[in-house]
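# Remarks on the overall topology
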Amino acid sequence: MPWPEKNRYLGKPTPRADAPAKVTGRAKYTADVVKPGMLFGAILRSKWPAAEVRAINLEKALAAPGIKAAITAQPVPFIVNYYGDELAAVAGTSRQAVLDALELIQVDARPRAFVTQELDAIKPDAPRVVPDSPNLGEGKARETGDVDAAFASSAGVIEGLYETQVELHHPLEPQGSAVLWDGDEMTAWSSTQGVHGVRTAFASSLEVPQNKIRVLCEYMGGGFGSKFMPGVQGILCARLAKAAGAPVKLMITRFEQALAVGNRPSSHQKIKLGADATGKLTAIQLESFGTPGHRSGASTGGGSGGAAFPAPYIYQAPATRIKQGSVAINAGQSCAFRAPGHPVASFGIESALDDLAVKLGVDPVAIRILNDPLEIRRREYQVGAERFGWKEKYRQPGSSSGPVKIGVGCAGSAWNSGMVRETQAEVQINSDGTVDVHCGIQDLGTGSRSVVQVVAAEMLGIDLALVTAHVGDTHFPPGPSSGGSRTTSSIAPAVYDACEKALAELKERSGIEDPRGANWKAACEKLAAFPVQGHGRWREGLADGGSKVAQGGVQFAEVEVDTETGFVKVRRVLVVQDCGQVVNSLTCESQINGGVIMGLGYALYEQRMMDRTTGVVLNPNFETYKLPGPADMPEIDILMIDQPERGVIGIGEPCTVPTASAIANAVANAIGVRVASLPITPDKVLAALGKVPGAGRQDTTALEIEQAFARLAAAPATTAREEIHA
Amino acid sequence: MALYASRAKIRIAAIGFPMKSTPPPTGPGSPTGLSTPVSRRAFLRGLSTTALTAATLGAESVAAELAQGNAEQPRGPAALPVVLTINGEKRTFSLEPRVTLLEALRQSAGITSPKEVCERATCGACTVLLDGVPVYACMILAIEAQGRAITTVEGLSREGLTPVQKAMVEHDGLQCGFCSPGFVMSLTALLKSNPHPTEEQVRKACSGHLCRCGSYPHIFAAALAASGGRPVSKINLISHDHALA
C-alpha cells in the first residue's frame, strides 16, 4: 500500500509538536539537565600545537576547594597534535571552582615543531604532523578516456584555481553530556545526532555492557554533522562521574568548539574544463588538496575522514582525470558537516562551468541543462529560470551600470538520501484514544518528532493532537543516527508499518471493521486496560526513491556588489528542490531556509583562521567568526517539488549544497571577474577588481600553490572506489 | 577562553558597563538595553586609571570621587547573599560576586530558558528582560540585577502562550529551539514598545540574535503575524505533474 492520495496532514503545513515547549522554556536540553549533587566538568586543553606530554600533576587541582575528581585525558605519556587537544579534566561543585582548578594542573610537556597552514605543511621540509607518515597523503586518482586528446580537440578550454575554507559547525548548543552512574549502570544525557550510536560508542570506550547504558536526548540544539559520537568530552564526562561518585555535566565552551569538535575541510581545486562550441563538456580535469586536520590520508569522498569530495560533481565528460589529496596540519580534525564534501565540490565545478560558459558565450542556465545528466534537475532549471526571471535578469558579466553592480547566478545539488532499513517504531493505542509513538531517533531541530506525529495521525485517521511522538531514548526501538538526510525516509515507513499493525489488532479486538475516523473513540474504549501495540519496521515502497533515484535541486541567486567597498549583499535566493513525498511542508520549508542561510554564511562570511606562530584558532567566537544574522537575510523563495511517487526522501543536506556556488556565480556576473576563493569577503572583491594590491593572492603564494600541486601530482595514487554522484 | 570574571574583589559600581562587542542599534546588546544608564559617578568609580578623567574634570574632583568610592566596602571574593526578583518572585541566593546573571538564573534559580551559547554578548540566546528591556544576561553580574524586575520566557507564559509565542509556533519560527527564548524576549519587548512594526523594525530588533539553524525568515513572519501584520504563509508546494511534466 503506497502513501494515501487524499491527505489530512501528510504534505500539509503542520506546526511542529514540540514548538510550544521550545518557546516557553519547558524544553530541557542536555545543557539544561540538572540532577541532585551534579558536578560541573571542564577540560584542560593543550596550548601546544604539538607536544609530547610527559607528566601531568593533578594533586593541586584535586586539593582545590570544591573539586571532586581530576583525571588525565589519556594514560601519560601521550602526544598532542593540535592546540586544544585534551590533556585532563576536572569535576567540581561550581563552574568557578572548576575553572580555578584547571589552572592548578601542572603539565610537563616537550613542545614539538608544528605547522598550521596546508601550503606550509605540503613543503618537503615541513614538520611532520604524524611522525611516520608524510603530511600529504596518497592522492585518490581516477582517469577515464584520453584526457589530453580531448582537451586538444575542445573548442573552448578554461583552467582555474578555486578554493574553499575550513568551516566550523557552531551548533548553538555546544557538544556535551551529563552522566549519572547508578552502580554499574550509566545514564547519559547527550546532545547528539544518534542516541543508539552514542550508546554503542560509550559501551566500547568505557568497556561497559550496552544494556547497562541508557542514552537520552529529548531536545538538542543543533549538530550539523558534529554530534554523532560522545566525543572525547563525553567519555571524559563519564569517567569524571565515575571517579567523583556523583553525576557530572560537561558542556564545552564556544572557544573549544572552534578547536576540537570538527569542521569542514578546506580545498584548493585546480580545475580544467573543455567543451565543444555548444558548451557540451568534452573533458574534466580536477586536482585538489585540502586539510582535514591532524590526520591526513586519502578520504572516503565524504569529507568525514579526508579532504576529498565527490568528483566530478554532477557533470560528466567522456574524458575525466581526477586526483585528490589530503594534507595534515596541527589543527582539530574535521568530521561530517551538512552534506559532507558536496558544497566544496559544488563551488569548484559550478564556478568553473560558469567561467567556461562566459568564455564560450553560452548562457549559464543553458550550459547546465545541456550537461546535467539528471532529468529532474534539468526541469528544475527551466521552472526556476522562469520564476526567477532569469532571461530578464541575466546580463553580460560586469555590465550593470553604477558603482553597485547587480548579478545573478545559479547552481545545482546532487544527493542520495537513502534510508536505514533496520529502523523500527512502536505505536501504542490507548483506551482513551490517545496514541504514543516511540522511536529511537532524535530531533535535531529538523522536525523529525513532527514527522512521526504526522505520519501516525494520517495513517490512523485521527486528530493530530491525539498523537504524542517520543524520541531520543535508547529504550525506544532502534532508529538511525540523523545523518545523510535519511531520518525521515527511515522513520516514516516504520511508523506507517507500525500503524498498520496496530490498526489490524484494534480492528480485531474492537470488532469494528474500520476503527479510523468516526469509529476511533468507540473502538479504543474496548481496549480497557490493555493498549494495542504495533511494532513496525521500515519497508519497501514508501521511501525507495531515495536510493533508486538521485535527488536534485537547483538554486538561483541575485546579488548586489558595492565595487567601492567590496561588500556583497544577497538580494534573493530561489530554491527549486526535489522533495519526494513531502511529510510536513512547514518544517520542510524551515529546513530549506536553514540550508540556504548556512550556504550564505559559507559563501560570504565563515572561515576558521589559524595562527602560524601559536597554532591557535584566531577567531573562536562569534564576533570574529561571522555567522549570517538577521540583517543579512535575502528574500528566500522556495519551490518544493512534491513527487509522492518517489516516496519520502530527505532534504536537510541537499538544500545547502548549491547556495554558495550560486552566490559566487552571481558575484562574478555582477563584477565581471571571478572571486575564486570562499568566503567572498570585501578584501577579495576589491583585490579581484584591482582596487587593492595583492590582498587576494601574492606571487609567493601562487608559487607555493604551483609547487603544492606538483607534489600532489608526484604523490602515490590510490584508486578510489567508484562513486556515482549524478 | 570564555569570558569569565576573574576571582577578584568586585565593586558593584564598576559593572554593567557595555563590553567588547559592538552593540546593535536596538535589542539586548544596545546601550539602551541597560535600563539604568551608567551614571557619571559610576563610570568614574569603574575606571582604574585617573589620567583620562583628570584631564577632563580636574584632579580635585576625581580625588574626591575616588575617595568616596574607595570608602565603600568591596564585595567578594566570597559568596554573599544576592536577592533577585525573577518573574515576580523575590528569591535569595548565595553567590560569588563574579557570578553572571545568566549563571545565577541557570544554575541557582533553575531557570534554563536563557541559554549559554557565545558567552560574550554576541548571540542573544541568554536574553532576558530587565525592567522590561531586553539585555544579555551573560554580560550582567547577578549582584547588579538586584532590585530590578527580571523576566524570562518562563514568566511570560503563565496564562498560556503569548501572541509572540503563538505566532512562533504557528509560523515555525524555530528549528532546534536553542535560540528561541532569546528571540521571544526581544520580540516581546519590541511589540510592547511598537505594536505594529515593519519588517525592517523586526529585523533591527532581532539584530542582536543569532540562529544557526537559519530560522530568520519564519521568525520575521511570526513577529509580523503576532502584531496583526500581513498573513505570511507562502508555502509553494508544486506537484510533479505541474512542475516537471
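Not measured: the values here are computed from a predicted model.

### Observations regarding the pairing of strand E17 (residues 424–429) of chain A
All names here are of chain A. Among the six residues that make up E17, six are buried, leaving the element largely enclosed by the rest of the structure. In this structure, E17 lies alongside strand E20 (residues 532–537), joined through six bridges in antiparallel fashion. Each bridged residue has a counterpart across the sheet, and for Ile-429 the counterpart in E20 is Val-532. Taken together, the four bridges between E17 and strand E18 (residues 435–438) define a ladder with antiparallel strand orientation.

### Section: helix H8 (residues 199–206) of chain B
All names here are of chain B. Turning to H8, its buried residues number three or more, namely Val-202, Arg-203, Ala-205 and Cys-206. Each buried residue of H8 sits inside an arc of 160° when the element is viewed along its axis, so together they form one side. Buried residues along H8 sit in contact with helix H7 (180–193) and helix H9 (216–226).

### Looking at H9(B)
With respect to burial, H9(B) is a largely interior element, eight of its 11 residues being buried. Along H9(B), the positions that sit buried rather than exposed are B:Tyr216, B:His218, B:Ile219, B:Phe220, B:Ala221, B:Ala222, B:Ala223 and B:Leu224. Next to the buried residues of H9(B) lie helix H17 (585–604) of chain A together with helix H6 (163–170), H7 and H8 of chain B. In the stretch just after H9(B), B:Gly228 is the one whose phi turns positive, near 80°.

### Observations concerning unusual backbone geometry
Among all residues except glycine, the phi angle is most often negative; among peptide bonds, the trans geometry is most common. The peptide bond linking A:Val76 to A:Pro77 adopts the cis configuration, its omega dihedral lying at 0°. With respect to the helices and strands, the residue A:Pro77 is situated in the loop between strand E3 (67–72) and strand E4 (78–80). A cis amide bond links A:Ala311 with the next residue in sequence, A:Pro312, at an omega value of -10°. Relative to the elements of secondary structure, A:Pro312 occurs in the loop between strand E14 (281–293) and strand E15 (319–328). Its identity as a non-glycine residue notwithstanding, B:Asn87 has a phi of 50°, on the positive side. You can see B:Asn87 is positioned in the loop between strand E1 (80–86) and strand E2 (89–95). Relative accessible area serves as the criterion here: at 11%, B:Asn87 is assigned to the buried category.

### Details of the interface of chain A and chain B
Tallying the contact residues gives 74 residues for chain A and 64 residues for chain B. Note on chain A versus chain B: buried area summed over both sides is about 5,700 Å², and carbon and sulfur give 58% of it. Viewed at the interface, chain B and chain A are joined by eight salt bridges. We note a salt bridge from A:Asp32 to B:Arg106, for which the minimum N-O separation is 2.8 Å.

### Side note on the packing of aromatic side chains
All names here are of chain A. In total, this model carries 11 aromatic pairs over all chains according to the counting rule given. Ring geometry for Phe-289 against Phe-709: centres 5.1 Å apart, planes inclined by 65°, an arrangement best described as edge-to-face. Here Phe-709 lies in helix H20 (residues 699–714) and Phe-289 lies in strand E14, a separation of 420 residues in the sequence. Each member of the pair, Phe-289 together with Phe-709, is buried. Taken together, the ring pairs connect Tyr-381, Phe-388, Trp-390, Tyr-394 and Phe-556 into an aromatic cluster. One cation-aromatic arrangement involves Arg-449 over Tyr-219; the distance from NZ or CZ to the ring centre is 4.7 Å.

### Some remarks on the sheet that holds E2(B)
Backbone-to-backbone hydrogen bonds pair the strands of a sheet. The strands run either parallel or antiparallel. All names here are of chain B. Read from one edge to the other, the open sheet built from five strands follows the order E2-E1-E5-E3-E4, with strand pairing classed as mixed. Every other strand in the sheet has two partners, leaving E2 and strand E4 (133–136) as the edge strands with one partner each. In this sheet, neighbouring strand axes are inclined to one another by 40° on average, regardless of whether the strands run parallel or antiparallel. Relative to strand E5 (residues 149–151), E1 runs parallel, the two being bridged by two bridges. Bridge pairing in E5 places Thr-85 opposite Ala-149. The strands touched by helix H4 (residues 101–108) within the sheet are E1, E2, strand E3 (127–130) and E5, with E2 carrying the most contacts at an inclination of about 100°. This element, H7, spans E3, E4 and E5 of the sheet and lies at about 35° to E3.

### Notes on the nonpolar core
Generally speaking, soluble globular proteins have nonpolar side chains that are buried together. All names here are of chain A. Leu-273 and Phe-556 are the most contacted members of the largest nonpolar core, which has 155 residues in total. The residues that make up this core include at least three from each of domain 1 (37–45 + 51–112 + 169–260) and domain 2 (374–415 + 549–695). Setting aside residues up to four positions removed in sequence, Leu-273 forms contacts with Phe-151, Gly-156, Val-157, Ile-158, Leu-281, Ala-283, Ile-284, Ile-349, Ala-352, Leu-353 and Leu-356. Counting 45 residues, the second largest nonpolar core, distinct from the first, contains Tyr-9, Ala-457, Val-495 and Trp-520.

### Considerations on the packing of H6(B) against H7(B)
Residues and elements named next belong to chain B. Remark: H6 packs on H7, axes separated minimally by 9 Å, with the N-to-C direction vectors making an angle of 130°. The angle between H6 and H7 falls in the class oblique. For the crossing formed where H6 meets H7, the hand is right-handed. Contacts between H6 and H7 involve Val-164, Gln-165 and Met-168 on the former and, on the latter, Ser-180, Phe-183, Val-184, Leu-187, Thr-188 and Leu-191. Looking at the contact of H6 with H7 residue by residue, the class counts come to six nonpolar, three polar and no charged.

### Some thoughts on the pairing of strand E21 (residues 551–562) of chain A
Residue and element names in this part refer to chain A. Among the 12 residues of E21, 10 are classified as buried, and the element is accordingly described as predominantly covered. The sheet contact formed by strand E16 (residues 404–415) and E21 spans 12 bridges and is antiparallel. Bridged to Gly-409 within E21 is Ala-557. The pairing of E21 with strand E22 (residues 568–578) spans nine bridges and is classified as antiparallel. The residue of E22 that forms the bridge with Val-554 is Val-576.

### Some points on the environment of B:Cys118
Topologically, B:Cys118 is positioned in the loop between H4 and E3. In this structure, the C-alpha to C-alpha distance between B:Cys118 and B:Leu210, residues 92 residues apart in sequence, is 9.7 Å. Not counting residues up to four positions away in its chain, the partners in contact with B:Cys118 are A:Arg254, A:Phe622 and B:Cys123.

### Regarding the environment of A:Lys526
Residue and element names in this part refer to chain A. Tracing the sequence through the fold places Lys-526 in the loop between helix H15 (520–525) and E20. Relative accessible area serves as the criterion here: at 52%, Lys-526 is assigned to the exposed category. For the pair formed by Lys-526 and Asp-432, sequence separation is 94 residues and the distance between their alpha carbons is 9.5 Å.

### Brief notes about the sheet that holds E17(A)
Residue and element names in this part refer to chain A. Taken together, the four strands give an open sheet; going across it, the order is E19-E18-E17-E20, and neighbouring strands pair in mixed fashion. Strands with a single pairing partner mark the edges of an open sheet, and in this sheet they are strand E19 (467–470) and E20. Taking the axes of each pair of neighbouring strands and ignoring which way they run, one obtains an average angle of 20° across the sheet. Against the sheet, helix H14 (residues 487–510) engages E17, E18 and E20, with an angle of about 145° to E20.

### Describing the confidence of the model for chain B
Residue and element names in this part refer to chain B. Residues with a pLDDT of 70 or more make up 69% of chain B, whose mean pLDDT is 80. Below a pLDDT of 50 lies the segment residues 31–38, which in the model reaches 19 contacts outside its immediate sequence neighbourhood of four places, other chains included. With pLDDT under 50 throughout, residues 40–44 is counted as low confidence; its partners more than four residues away or in other chains account for 10 contacts.

Definitions and limits used
- Residues numbered from 1 in each chain as written.
- Chains lettered and ligands numbered in written order.
- Predicted model: local features only at pLDDT ≥ 70, side-chain atom pairs only at ≥ 80, totals over all residues.
- Heavy atoms only, no water.
- Buried < 20%, exposed > 50% of the residue type's maximum accessible area, 1.4 Å probe, protein only.
- Helix = DSSP H or I, 4+ residues; strand = E, 2+ residues; numbered from the N terminus.
- Pairing = 2+ DSSP bridges.
- Arc of directions from axis to C-beta.
- Contact = heavy atoms within 4.5 Å.
- Buried area = accessible area lost by both parts, 1.4 Å probe.
- Salt bridge = Lys/Arg side-chain N within 4 Å of Asp/Glu carboxyl O.
- Phe/Tyr/Trp six-rings, centres within 6.5 Å; stacked < 30°, edge-to-face > 60°.
- Lys NZ or Arg CZ within 6 Å of the ring centre and 35° of its normal.
- Axes fitted to C-alpha atoms, helices over the stretch in contact; angles between N-to-C directions.
- Core = buried A, V, L, I, M, F, W, Y, C linked by side-chain atoms within 4.5 Å.
- Domains from an automatic or database assignment.
- Parallel < 35°, antiparallel > 145°, perpendicular 65-115°, else oblique.
- Left-handed = near helix turned anticlockwise from the far one by under 90°.
- Nonpolar A, V, L, I, M, F, W, Y, C, P; charged D, E, K, R; others polar.
- pLDDT = per-residue confidence, 0-100.

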